[in-house]
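Here is what each chain is made of, one letter per residue.
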Amino acid sequence: SVMNIADNALQPTNFLIQSAPIVIVAGTCMNSGKTVAATEIVKQASHAGLRVAGAKMSGVACLRDTLNME
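Rules used in this analysis
Residues numbered from 1 in each chain as written. Predicted model: local features only at pLDDT ≥ 70, side-chain atom pairs only at ≥ 80, totals over all residues. Heavy atoms only, no water. Helix = DSSP H or I, 4+ residues; strand = E, 2+ residues; numbered from the N terminus. Expected span 1.5 Å × (residues − 1). Buried < 20%, exposed > 50% of the residue type's maximum accessible area, 1.4 Å probe, protein only. Arc of directions from axis to C-beta. Salt bridge = Lys/Arg side-chain N within 4 Å of Asp/Glu carboxyl O.

Honestly, the environment of Arg51 in this entry has me stumped. Any pointers?
Turning to its location among the elements, Arg51 is positioned in the loop between helix 1 (34–47) and helix 2 (64–69). Residues Arg51 and Asn31, 20 residues apart in the sequence, show an inter-C-alpha distance of 28 Å.

Okay, here's the thing in structure tokens:
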């Protein structure tokens, strides 16, 4: 069956409840180092003893980047 990220999307909201800090790495060009930067942030925060969750919002067909964050 065909899967679509919208099938499990969160409902839009006008506000966020207080939670853990959110770090977003964004850019407009491929191969500019966004994933490398995000992976390093995840690694350093994890080594510092923080609980970390990572996500990749586009280009997820190849698991390499997701596995690197893991």
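How should helix 1 be read in this particular structure?
Residues separated by three or four positions in an α-helix point in the same direction, a consequence of the helix having 3.6 residues per turn. The terminal C-alpha atoms of helix 1, which comprises 14 residues, lie 20 Å apart, in line with the 20 Å expected from a rise of 1.5 Å per residue. Residues of helix 1 that are buried include every one of Thr39, Val42 and Ala45, and no others. Within helix 1, the buried residues cover an arc of 135° as seen down the axis, which keeps them to one side. Among the exposed residues of helix 1, those oriented more than 90 degrees off its buried face are Val36 and His47.

Explain unusual backbone geometry to me, please; I cannot follow it from the model alone.
Glycine aside, the phi torsion of most residues is negative, and most peptide linkages are trans. The backbone of Asn31 shows a phi angle near 60°, a positive value even though the residue is not glycine. Structurally, the position occupied by Asn31 is in the segment before helix 1. By relative accessible area, Asn31 is classed as exposed at 79%.

What is the right way to look at the pattern of salt bridges in this model?
Where charged atoms from two side chains of opposite charge come close, those side chains can pair. Summed over all chains, the structure comprises 1 salt bridge. Residues Glu40 and Lys43 are paired through a salt bridge, measuring 3.4 Å at the closest nitrogen-oxygen approach. With Glu40 and Lys43 both in helix 1 and 3 residues apart, the pair spans about one turn of that helix. The exposure class of Lys43 is partly exposed, given its relative accessible area of 39%.

Such coordinate-based values are descriptive only and should not be taken to indicate function.
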